[in-house]
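Residue-level listing of the chains:
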Amino acid sequence: MASKSFTYKDFASEEYAESKRYWRRRNRYYHNSIAAFIKFVVPSGSKVLEIGCGTGETLASLEKSECTGLEINPFMSAEGKAVHKEIEFATA
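Residues numbered from 1 in each chain as written. Predicted model: local features only at pLDDT ≥ 70, side-chain atom pairs only at ≥ 80, totals over all residues. Heavy atoms only, no water.

### Overview of the overall build of the protein
Check the secondary structure of the protein and you find five helices and three strands. When the helices and strands of the protein are read in sequence order from the N terminus, they spell out α-α-α-β-α-β-α-β. In terms of overall dimensions, the protein has a C-alpha envelope of 45 × 25 × 20 Å along the principal axes. Going through the 92 residues of the protein one by one, you find that 25% of them count as buried. Carbon and sulfur atoms form 58% of the exposed surface of the protein, whose accessible area is close to 6600 Å². Across the protein, the centroid of the 13 positively charged side chains sits 3 Å from that of the 12 negatively charged ones. (Helix = DSSP H or I, 4+ residues; strand = E, 2+ residues; numbered from the N terminus. Buried < 20%, exposed > 50% of the residue type's maximum accessible area, 1.4 Å probe, protein only. Areas by Shrake-Rupley, 256 points an atom, 1.4 Å probe, with all protein chains shown as cover. Lys, Arg positive; Asp, Glu negative; His and termini not counted. Charge placed at Lys NZ, Arg CZ, Asp CG, Glu CD.)

### Comments concerning helix α5 (residues 74-83)
Inspection of α5 places Met-76, Ser-77 and Gly-80 among the buried residues, and these make up the whole buried set. Down the axis of α5, the sector holding all buried residues measures 100°, keeping them to one side. Taken together, the buried residues of α5 touch α2 (14-26), β2 (64-71) and β3 (88-91). The N-cap residue of α5 is Asn-73: its side-chain oxygen and the backbone nitrogen of Phe-75 are 2.8 Å apart. (Arc of directions from axis to C-beta. Contact = heavy atoms within 4.5 Å. Polar contact = N/O pair within 3.5 Å; in protein donor to acceptor, adjacent residues only side chain to side chain.)

Listed below in C-alpha cells is the structure:
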C-alpha cells in the first residue's frame, strides 16, 4: 500500500490548519506537558525562535523578552498574530 505524498499546498491549506487546531484541543494534556518542559528548560528572558510554531501557543507559554515564530501555513500564522500580539510571526 502506497502512502500519500504531501506537498507544500497540503501544509499551507486552511483545512490543514483546522485539523491542527482539532488535534491540539484533543491532545491538550500532551501539549501542556511539552510547554511545561520547554518553560523549565528555556531561561526567563531568552530570545526564542520556534520553527513550525503553528498558532504560537508554546511560545506564548514562555516568559521571554523576544519571541519569533516561523510557520509555513498562513492561516495558522494569521490566527497566531491575532491572538498573541507580543509574538512576531513570519510565514515561510
